[in-house]
Amino acid sequence: MDYLDYVQMTTGQKIAYKFKSFFTGIPVAIKKFFLAIGMLIKKFFNFIGNGFKGYGSRFVKGDIGTKLSYIVMGAGNMFHKQIGKGLCFLAAQCAYIYFMISFGMNYFQKIYSTDVEVEPGVIVNGAIGKVPVHKTTNMFGIEEIDNLDTLDDSNRILLFFVMTVIVSVVFFVLYIANTKSAYASGEEIKNGKKPIGFIDELKTYLDERFHVTLLTVPIVLLFLFTILPILFTIFMAFTNYDEKHQPPGNMYWWTGVTNFQDVFYSDPMKSATFGKILVWTLVWAVFATFTNYIFGMILALLINKKEIKFKSFWRTMFVVTAAVPQFVTLLLMRLMLDDKGAFNNMIIALGGSSIPFLTDCTCARITVIIVNMWVGVPYTMLITSGLLMNIPEDLYESARIDGANAFQQFTKITFPYIFFVTTPYLITTFVGNINNFNVIYFLTGGGPSPAEYYQAGQTDLLVTWLYKLTVVSSDFNLAAVIGIIVFIICATGSLITFNMSKAAKNEEEFS
Amino acid sequence: MTNTDSKAMQSGYASKKKAVNTLVYIILTVMVLIWIFPIVYLVMQSFRGEPGISTSYLIPKQWTFDNYIRLFVETDPKTGAVLPMDEMRFPYLRWILNTLLVAVLSCVISTLIILMVSYALSRLRFKSRKMLLNMGLILGMFPGFMSMAAVYAIMEIFGLKQQLIALVIVYSAGAGLGYQVAKGFFDTIPRSLDEAAKIDGATRNQIFWVIILPLSKPIIVYTALTTFIGPWTDYIFVSYFMKDNKDNWTVALGLWNMLGNQTMADWFTVFCAGAVLIAIPITILFVIMQRFYVAGVTGGAVKG
């Protein structure tokens, strides 16, 4: 349809058209999403394929030094008179070999141990760690009995295993860099140039390769304290690391996808809890996002109405409430909304009967949504206020000259503008609300908690359930499963919308 | 149309407008009252002399400063002697000092990390840039505390179990993922500045320190404030990391514990006093940085 046809439609038709195109757009967006994933996978394999091709051809074309560097790292560089760089590579290789022999190999062997007696009489295949076998032969061929008290700590073994894998990947990247560097310096010598000296090369890390200098420390920290724990947690989801299998003292072992099966269907209590919490999480996220958005926008419009005075006073009053730490205001609200709290006291003093704000399922759910408005509306107001001031005034002027009334100005100018600019914000708030820990945990603690819920209550979200599973009941494997599911929900949601919105394409606009 | 007609119409229009504005004022006033009520309630309770959790009235009948004094001084119920901080049931001052230490350290480290990462991702062009951006996006989608148990295990191995330094590491090691706002800011600084400096022979290192950072004061302030406020308001990690090690509690965890079932009735008004003391500085900091906040979440659509 042409733009001209669209403009000639009545408002009703336009809205219908928008709705239609939104819903017909969804399958296309999903298709695009999967295509994008497919492209990514293809790119990844291409990358690896090209890597292998380059690896082979460099070996064939390179001189003897380059060929040597395929076994002894840094040899090529030293051969090409880049002593400093070569020594660095060699040191890295020695360090890695020492690390693997004294530390890493151990965990590759122990990560999947067969025939382990985890408890007296219970033999398990795939345990993480070994219980010392009753009888072993030592290096002189004499049988001896091991100390049976020391169990391997599954936690450490899994963790060190992941650590060893990461170190190995890093080493592999270094190794490839070594072969590339050897080949490059060899080519330069072939072409009659002198390869770059060590000091000059170090200097490039302040200029052409400044990004390496800036990013190394942050990325190392991310690997140690974000990526390593996340991988560790993902592995946990495939073990039976729960309350009964806590190292040290007990081992845990690989159980495949049992935990996922439990959560989805096989364990009646867990799967029922999961289903209910998932539905409530989504309902909550939709309500929490849109109530905040709509009321925040109305508030911003009221404050920014041209004739209203003391704009910054009104704004500050609301901002102040958002600024007080949430754990303070929310804990206070919990006490105020208690069955014997301030609100009920006041209601009774006024002659009413008390309301079970937080102790009845429906009431509690409505309460958390309303209190969340109290928490979130000032934020939306702040953001939409900023945007409102940004709309060019001449748009309104020409609209007024054309005879548009206030309502038309809102629907034709203000709303489309704000909606367009805040779409990314809406997505992040939606994802943020799926992960909204504070409001639920401080206000209701997840309650009311009937007995048919597994370690959860009727207002619990997936993330607060995750928290309780970790902190209260130590069901680390289940918590890991929930974490993965939350990740998948958030990732699909934001990637689909990210593909739909144009904002993603405009990244380079400013530069 | 005669002159009087138009005047009458104008006055009718004006009075209608006036009515609308009055209505808006009334709505705004009511909303402000609703929003400000819990805050007023908090302040009032902190000055309340009567014991107990809740009253059916807002303004205390007995005004007192005792709640604020009890935060810092606790006397032995039998002898009446002032207890040293180690024996206090709720050593508020200790929590403040702990939080201050954690907040200052993680503020400095995180600000540095965020500035470095966002500068590199915004203004330098290199091969793995797109990949790093995507990686940041993906890692950011994992629930923040999903791997809490794993981080705890790592800290245990490093011998940092229940140590304050573990909190500093947790709050600042992940800072690399919080580059979006600062990156949005760096994106808006004109490229020509870099190019001019490059022609004059400056290295990228010099450009970063001498040209870009001095221009970025607002975003440095914003980053420092957010990373400083974080530890004051975080409950999740502290509660799992410190557990029962009372000496290393931060304000958030300590105040939360004041409202335990056993102590709630006796300590509620003290909790309010403690909350007011924390809320004042944080509110001031937040009001300072609100305009940067807006610029941040709308991706630089607003020039602050």
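Computed from a prediction, not measured in an experiment: that's the story for all the values here.

**Here we look at the interface of chain B and chain A**
Here's step 1: Between chain B and chain A, the residue contacts involve 94 residues of the former and 92 residues of the latter.
Here's step 2: Roughly 8700 Å² of surface becomes buried between chain B and chain A when both sides are summed, with 80% attributable to carbon and sulfur atoms.
Here's step 3: Of all residues in chain B, B:Trp35, B:Met141 and B:Met146 give up the largest surface area on contact with chain A, accounting jointly for 9% of the area buried on that side.
Here's step 4: In this structure, the connection of chain B to chain A is made through 2 salt bridges.

**Quick look at the packing of aromatic side chains**
Here's step 1: For the structure shown, the criterion picks out 56 aromatic pairs over all chains.
Here's step 2: Seen from their ring centres, A:Tyr241 and A:Phe476 are 4.7 Å apart, and the 40 degrees between their planes marks the pair as tilted. Remark: A:Phe476 occurs in helix H19 (residues 476–500) and A:Tyr241 occurs in the loop between helix H8 (210–236) and helix H9 (258–266); sequence separation between them is 235 residues. For the pair formed by A:Tyr241 and A:Phe476, the shared burial category is buried.
Here's step 3: Taking 6.2 Å as the distance between ring centres and 70 degrees as the angle between the ring planes, the aromatic pair formed by B:Tyr92 and B:Trp95 counts as edge-to-face. With B:Tyr92 and B:Trp95 both in helix H3 (residues 92–123) and 3 residues apart, this pair spans about one turn of that helix. Across the pair, B:Trp95 and B:Tyr92 agree in class, each one buried.

**Things to note about the confidence of the model for chain A**
Here's step 1: Summing up the model confidence of chain A, the mean pLDDT is 84 and the portion of residues at 70 or higher is 91%.
Here's step 2: Confidence drops under pLDDT 50 across residues 502–511 of chain A; counting only partners more than four residues distant or on other chains, this segment forms 15 contacts.

**Topic: helix H6 (residues 164–173) of chain B**
Here's step 1: The buried fraction of H6(B) amounts to 8 of the 10 residues, a majority that puts the element mostly inside the structure.
Here's step 2: B:Leu164, B:Ala166, B:Leu167, B:Val168, B:Val170, B:Tyr171, B:Ser172 and B:Ala173 are the residues of H6(B) that are buried.
Here's step 3: On its buried face, H6(B) sits against H8 of chain A together with H3, helix H5 (148–157), helix H10 (217–233) and helix H11 (236–242) of chain B.

**Points about empty space enclosed by the protein**
Here's step 1: In this structure the tally under the stated criterion is 3 cavities of 30 Å³ or more.
Here's step 2: If you add up the space inside the largest cavity, you get close to 130 Å³.
Here's step 3: If you go around the largest cavity, you meet 13 residues; those closest to its centre are A:Ile219, A:Leu222, B:Val117, B:Leu132 and B:Gly176.
Here's step 4: Listing elements by their share of the lining of the largest cavity, those giving two or more residues are H8 of chain A together with H3 and helix H4 (129–139) of chain B.

What counts and how
For every chain, the first residue of the written sequence is number 1, and numbering continues from 1 along that sequence. Going through the entries in the order they are written, you letter the chains from A and number the ligands from 1. Note on the predicted model: pLDDT of at least 70 is required for a residue's local features to be given, and 80 or more for side-chain atom pairs to be given and counted; whole-chain, interface and lining totals, by contrast, use all residues. Calculation of side-chain values draws on the structure's entire complement of heavy atoms; hydrogens and water are dropped beforehand. Contacts are assigned to residue pairs with any non-hydrogen atoms lying within 4.5 Å of each other. Once two parts are joined, some of their accessible surface, as seen by a 1.4 Å probe, is lost; buried area is that loss totalled over both. Salt bridges are defined by distance alone: a side-chain nitrogen of Lys or Arg within 4 Å of a carboxyl oxygen of Asp or Glu. The criterion for an aromatic pair is that two Phe, Tyr or Trp rings (for Trp, the six-membered ring) have centres within 6.5 Å, with stacked assigned to planes under 30 degrees apart, edge-to-face to planes over 60 apart and tilted to the rest. Here a helix means four or more residues in a row that DSSP labels H or I, a strand means two or more in a row labelled E, and each is numbered from the N terminus. Three exposure classes are used, based on accessible area relative to the maximum for each residue type with a 1.4 Å probe and protein chains only: buried under 20%, partly exposed in between, and exposed over 50%. Per residue, pLDDT measures the predictor's confidence, with a range of 0 to 100. Points on a 1 Å grid, built from protein atoms alone, make a cavity when a 1.4 Å probe fits but cannot get out and make a pocket when they are open with protein on both sides within 12 Å along at least 5 of 7 lines; residues with an atom within 4 Å of a point are the lining residues. Grid points are joined across faces, edges and corners, and a volume is the space filled by probe spheres set on the points.

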